[in-house]
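Reading the structure
The primary structure of each chain is shown beneath.
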Amino acid sequence: MNPAEFPGQLHWTVCSFGVVSCFLFGFTLLWRRLSMRLQRYQGALPGITILKPFDGDDPDLEVNFWNTCTADYPSPRQVLFATAHDNVAGIAVVRRIQERARSLPGVTVDLVLPDPDEPPWITRKAWHMHRAWARAEHAVIVNSDSGTRLQDDTLELLVRTLLGDPRRGVAWASYTVLEARALGARLTRLAWTATSMCFFVVDAMGGLAGKVGLSAAGLVAFRSEALDAIGGFTGGEGFVTEDLEIGRLIAEQGWTLAASPAPVIRHLPDLPLSGFYQRQLRWNVVVWSFKVTGRWSYPLVMGGLALVPFTWVGGCLAFPERTAEYTALMGTLYSTRLLWAVVLS
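Residues numbered from 1 in each chain as written. Predicted model: local features only at pLDDT ≥ 70, side-chain atom pairs only at ≥ 80, totals over all residues. Heavy atoms only, no water.

1. Side note on the overall build of the protein
Rule in force here: A helix here means a DSSP run of H or I that spans at least four residues, while a strand means a run of E at least two residues long, and both kinds are numbered starting from the N terminus. By definition, residues are in contact when any of their heavy atoms lie within 4.5 Å. Accessible surface is estimated by sampling points in the Shrake-Rupley manner with a 1.4 Å probe; for residues, cover comes only from the protein chains shown.
If you tally the helices and strands in the protein, you get 12 helices and eight strands. Considering only contacts within the protein whose residues lie at least 6 apart along the sequence, 81% involve residues at least 24 apart. Of the accessible surface of the protein, which amounts to about 15600 Å², a share of 62% is contributed by carbon and sulfur atoms.

Right, here's the structure in full:
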């Protein structure tokens, strides 16, 4: 190849990879979602136990907790809020929730605290989850992060996904972000719902490669038998991403994992840009550390968006007479990425 042609060839390569990979990932995601829909449970829904591990007093914590008690679900639910004695502000929030929940039919609310001399685990979230799990009354256990909110169909579709296969031990709901006002929250919504960083995409890529599914994100349902087989949440001790490790341990026992079609809302209205950067950096480190198959989609789908303005300039400077061609290529890439984002969202 003539070295002078390199800028134009590079522009063609970046745009072509971006467009083709969008279609490949789109068909993969469609296949995954259709296969999950065919397996959805159609019978009467059982009672559930919802674990709410938390530390501190996050913004809008009481709103998030109350939503856990009131979101639509046709059968009884037990909600177990688990924290430590030193979380005075958080405990006060749960006490208020307990009083308000007395009027809710079919809903029981309890606060789970450790023994006064009980040492905390390194992974405090797994510690709270494990103690709450010991108090569970139902055969379906749902773990929900403190910053998540449920929509009207979230719990029902999550449980129907879990029960759609008698050997399914885990079902999880991907994140989306609403009420995004700050720049960091808006960028997080874009990353979680409209790029290959979306958990749905990572899971679909793994399924195509024959890997076990994920147990990621802020809302995960378990069969009690699956948790019994691994001793509860002890396997999450020492892991920042205890959800991925718990899912891996359950899969090793012969259970399957699946994604629910209804996402759970992550409430991040005032997340700054620095918060977005730290969150995405942490997630990328996790994905590569766990060798998640979907990590290969990052440079293919996302990288081109950042590179193509520079390759376009280089190509146009090298071959001014082909400016229209290179501009059309860039427009095709961005149009395809916009369509991909709409499909994901």
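We are not done yet, so read on.
2. Side note on the pattern of salt bridges
Our working rule: A carboxyl oxygen of Asp or Glu within 4 Å of a side-chain nitrogen of Lys or Arg is what we treat as a salt bridge. Each residue's exposure class comes from its accessible area (1.4 Å probe, protein chains only) as a fraction of the maximum for that residue type: buried when under 20%, exposed when over 50%, partly exposed otherwise.
Tallied over the entire structure, the rule returns 10 salt bridges. In this structure, Arg124 engages Asp55 in a salt bridge whose closest nitrogen and oxygen atoms are separated by 3.2 Å. One end of the pair, Arg124, is in helix α4 (residues 124–133); the other, Asp55, is in the loop between β1 (48–53) and α2 (61–70), with 69 residues separating them in the sequence. With relative accessibility at 28%, the residue Arg124 sits in the partly exposed group. The partner of Arg322 in a salt bridge is Glu325, and the shortest N-O contact between them spans 2.9 Å.

3. So, a nonpolar patch on the surface
Put simply, the rule is: Surface patches are defined over residues having more than 30% relative accessible area and no salt bridge, joining like charges when they lie within 9 Å and nonpolar side chains (Val, Leu, Ile, Met, Phe, Trp, Tyr) when within 5 Å.
Taken together, the side chains of Phe23, Phe27, Leu30 and Leu34 define a hydrophobic patch exposed on the protein surface, amounting to about 430 Å² of accessible area. Counting through the fold element by element, Phe23 comes out in helix α1 (residues 6–38). Under the relative-accessibility criterion, Phe23 is labelled partly exposed at 45%.

4. Focus: the packing of aromatic side chains
Going by this rule: Each pair of aromatic rings taken from Phe, Tyr and Trp, with Trp reduced to its six-membered ring, is defined by centres within 6.5 Å and is described as stacked if the planes are under 30 degrees apart, edge-to-face if over 60, and tilted in the remaining cases.
Going through the model one piece at a time under the given rule, you end up with three aromatic pairs. Both rings, one in Phe54 and one in Phe65, keep their centres 5.0 Å apart while their planes meet at 75°; by these two values the pair is edge-to-face. Taken together, the positions of Phe54 in the loop between β1 and α2 and Phe65 in helix α2 put the pair 11 residues apart, joining distant regions of the chain. For Phe65, a relative accessible area of 0% puts it in the buried group. Ring geometry for Phe65 against Phe81: centres 4.5 Å apart, planes inclined by 45°, an arrangement best described as tilted. With Phe65 in helix α2 and Phe81 in strand β2 (residues 77–82), this residue pair connects regions lying 16 residues apart in the sequence. Taken together, the aromatic side chains of Phe54, Phe65 and Phe81 make up a single cluster linked through ring pairs.

5. Observations regarding the nonpolar core
Quick note on the threshold: Side-chain atoms within 4.5 Å are what join buried Ala, Val, Leu, Ile, Met, Phe, Trp, Tyr and Cys residues into a set we call a nonpolar core.
If you look at the biggest cluster of nonpolar residues, it comprises 50 residues, and the most contacted ones within it are Val142, Phe222, Phe233 and Ile250. Setting aside residues up to four positions removed in sequence, Ile250 forms contacts with Gly169, Val170, Phe222, Ala226, Leu227, Ile230 and Trp255. Judged by nonpolar contacts, the second largest core, of 15 residues, contains Val79, Val93, Val107 and Val109.

6. With respect to the pairing of strand β6 (residues 168–178)
As a reminder of what qualifies: Two strands pair if DSSP finds at least two bridges between them.
Of all 11 residues in β6, 10 are buried; the element is thus mostly enclosed. Two strands pair when backbone bridges link them, and β6 and strand β8 (residues 256–267) are joined in this way by nine bridges, in the parallel orientation. Following the sheet pairing, Val170 is matched in β8 by Leu257. The sheet contact formed by β6 and strand β7 (residues 219–223) spans four bridges and is antiparallel. Its bridge partner being in β7, Trp172 is matched across the sheet by Val220.

7. Topic: the packing of α2 against helix α3 (residues 88–101)
Heads up, the rule is: Simply put, an axis is a line fit to the C-alpha atoms, just over the touching stretch for a helix, and the angle between two N-to-C directions goes from 0 to 180 degrees. Left-handed describes a crossing in which the near helix is turned anticlockwise from the far one by less than a right angle; the clockwise case is right-handed. Note on residue categories: nonpolar means Ala, Val, Leu, Ile, Met, Phe, Trp, Tyr, Cys or Pro, charged means Asp, Glu, Lys or Arg, and polar means any other residue, Gly included.
Two numbers describe how α2 lies on α3: the axes approach to 10 Å, and their chain directions differ by 35°. In this structure, α2 crosses over α3, and the sense of that crossing is right-handed. Counting all contacts with α2, which are made through Leu61, Glu62, Phe65, Trp66 and Cys69, the residues of α3 involved are Gly90, Val93, Val94, Arg96, Ile97, Arg100 and Ala101. Looking at the contact of α2 with α3, its residues break down into eight nonpolar, one polar and three charged.

8. Quick look at the environment of Glu156
Considering the arrangement of structural elements, one finds Glu156 in helix α5 (residues 154–162). Among the residues examined, Glu156 registers a relative accessible area of 30% and is labelled partly exposed. Each C-alpha atom, one on Glu156 and one on Ala262, is 9.2 Å from the other, the two residues being 106 residues apart in sequence. Not counting the four nearest positions on each side in its chain, Glu156 is found in contact with Leu45 and Tyr73.

9. So, the confidence of the model for the protein
We count it as follows: pLDDT gives the predictor's per-residue confidence on a scale running from 0 to 100.
Per-residue confidence for the protein gives a mean pLDDT of 84; residues scoring 70 or more make up 84%. Ranking the elements of the protein by mean pLDDT puts helix α7 (residues 199–208) last with 69 and β2 first with 98.

10. Some points on the side chain of Thr148
Which entries qualify depends on this criterion: Throughout this description, a polar contact denotes any pair of N or O atoms lying within 3.5 Å of each other; where both atoms belong to protein, one of them has to be capable of donating a hydrogen while the other can accept it, and for residues adjacent in sequence the pair is counted only when both atoms sit in side chains.
Within the fold, Thr148 resides in strand β5 (residues 148–149). On the accessibility criterion, Thr148 (0% relative accessible area) is buried. In terms of polar contacts, Thr148 uses its side chain to reach the side chain of Ser144, at 2.9 Å. Leaving out residues up to four positions away in the same chain, Thr148 has contacts with Lys52, Asn64, Tyr175, Gly218, Val264, Ile265 and Arg266.

11. Some details on the environment of Arg266
Structurally, Arg266 can be placed in strand β8. Once the C-alpha coordinates of Arg266 and Gly218 are considered, the two residues, 48 residues apart in sequence, prove to be 7.7 Å apart.

12. Looking at the sheet that holds β2
Taking strand neighbours across the sheet as the criterion, the eight strands line up as β3-β2-β1-β4-β7-β6-β8-β5 in an open arrangement whose pairing is mixed. Two strands close off the open sheet at either side, each with one partner strand: β3 (107–112) and β5. Examined bridge by bridge, β1 and strand β4 (residues 140–144) share four bridges and lie parallel to one another. The partner of Thr49 across the bridge, within β4, is Ile141.

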